[in-house]
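Here is what each chain is made of, one letter per residue.
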Amino acid sequence: MSTALRVGFAGTPEFASVALQALLAAGFEVPLVLSQPDRPAGRGMKLQASAVKHCALEHGIAVAQPRSLRLDGKFPDDAAAARQALQAAALDVLVVAAYGLILPPWVLAAPRLGCLNIHGSLLPRWRGAAPIHRAIEAGDNTTGITIMQMDAGLDTGAMLLWQALPIAASDTTATLHDKLAALGGTLIVQALRTLHHLVPVAQPDTGVTYAHKIEKVESPVDWRLPAVQIERRVRAFDPFPGCSFVLHGEPTKLWRAAVVDATGAPGTVLAAAEGRLVVACGAQALELLELQRTGGRRVAVRDFLHGHAVAADTLLG
């Protein structure tokens, strides 16, 4: 199939913006973009446009930002305006990537060829909102991108195209996000170019897992957990929400750590000398490598200890 398709796009963060840029670079006509409403952000909490909206405006593409797409919901006027925009765009297909709104049946049926989703996992593993975070947290060795024909379920549609990607031992959500975003852009272009030749494959009933949304309440470190598990969570929660613990009554962020063979009461500092900070966990121990005090910046532990003395046997909260 050529790039003559009229492709709509629905997405919000940087992950989606990478895919939109790939579609535009490949020559697809994108007459309409849907993105979440502008949100307050930064110290001044000023309204900020999404990464997808920025990309669309740079290319002169019309943008709709409904608060809801439910015609019988809380914002029916928003939904009606979005419906009018989609009808006027006369789309062949709607590409969806990390949009953040549930698509009701009328949206799924609006494009001639339906809606395609770029999902950041190998379905059916890690359906849901946070597949990148949860894959790292679970210790998965592999993830990938699935291009899926959307249906009314939560990431349950038939798979059209997929490709695996190894998860490196050092990957954080930030680094893996960038790799998957690039792969998603490549695969959606490939999918649209060969759409008539792709055979939908139903997702298997086995191996289904759900990647629940990341919450700030998950941030505190539970030193009773095995060190391996805590280290994975540190990488999974970078850049949000970060892992945290209490040192001398002050919240401290933990951004990088390594598992070491040592034992002790969970949360107890086993070593705090020569630029090293080792803390006992439920199994083995963690050497803390990068920390951040409230209001400060991320620093190596050696630099952190220069301005913040920690004694051995200190119990971390």
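Residues numbered from 1 in each chain as written. Predicted model: local features only at pLDDT ≥ 70, side-chain atom pairs only at ≥ 80, totals over all residues. Heavy atoms only, no water.

Observations regarding the packing of aromatic side chains
- Taken as a whole, this structure holds 1 aromatic pair when the rule is applied.
- Seen from their ring centres, tryptophan 223 and phenylalanine 245 are 5.7 Å apart, and the 65° between their planes marks the pair as edge-to-face. Of this pair, tryptophan 223 sits in the loop between strand E11 (210-211) and helix H7 (227-236) while phenylalanine 245 sits in strand E12 (residues 243-247), and the two are 22 residues apart along the sequence. Across this residue pair, the class does not change: tryptophan 223 and phenylalanine 245 are buried. (Phe/Tyr/Trp six-rings, centres within 6.5 Å; stacked < 30°, edge-to-face > 60°. Helix = DSSP H or I, 4+ residues; strand = E, 2+ residues; numbered from the N terminus. Buried < 20%, exposed > 50% of the residue type's maximum accessible area, 1.4 Å probe, protein only.)

A closer look at the sheet that holds strand E6 (residues 93-97)
- Sheet architecture is open: 7 strands sit in the order E5-E2-E1-E6-E7-E9-E10, paired in mixed fashion. What marks the edges here is a single partner per strand, and that holds for strand E5 (62-64) and strand E10 (159-166). Between one strand axis and the next, the sheet turns through 20° on average, direction left out of account.
- When strand E9 (residues 142-149) meets E10, the two strands line up antiparallel, connected through 7 bridges. Its bridge partner being in E10, methionine 148 is matched across the sheet by methionine 159.
- Contacts from helix H1 (residues 14-25) reach strand E1 (7-11), strand E2 (32-34), E6, strand E7 (115-119) and E9 within the one sheet, and its direction differs from that of E1 by about 165°. (Pairing = 2+ DSSP bridges. Axes fitted to C-alpha atoms, helices over the stretch in contact; angles between N-to-C directions. Contact = heavy atoms within 4.5 Å.)

Structural notes on the side chain of glutamate 218
- Residue position: glutamate 218 is located in the loop between E11 and H7.
- Classification of glutamate 218 by relative accessible area gives buried; the value is 16%.
- Separated by 2.9 Å, the side chains of glutamate 218 and arginine 134 make a polar contact.
- Side-chain polar atoms of glutamate 218 contact the backbone nitrogen of glutamate 215, separated by 2.9 Å.
- Non-local contacts of glutamate 218, meaning those with residues more than four positions away in its chain, are made with Arg134, Lys213, Arg233 and Phe237. (Polar contact = N/O pair within 3.5 Å; in protein donor to acceptor, adjacent residues only side chain to side chain.)

Points about the pattern of salt bridges
- Applying the stated criterion across every chain yields a total of 17 salt bridges.
- Residues aspartate 222 and arginine 224 are paired through a salt bridge, measuring 2.9 Å at the closest nitrogen-oxygen approach.
- For aspartate 222, a relative accessible area of 25% translates into the label partly exposed.
- A salt bridge links glutamate 231 to arginine 235, with the shortest nitrogen-to-oxygen separation between them at 2.8 Å. Linking glutamate 231 with arginine 235, this pair stays in helix H7, spanning 4 residues, or about one helical turn. (Salt bridge = Lys/Arg side-chain N within 4 Å of Asp/Glu carboxyl O.)

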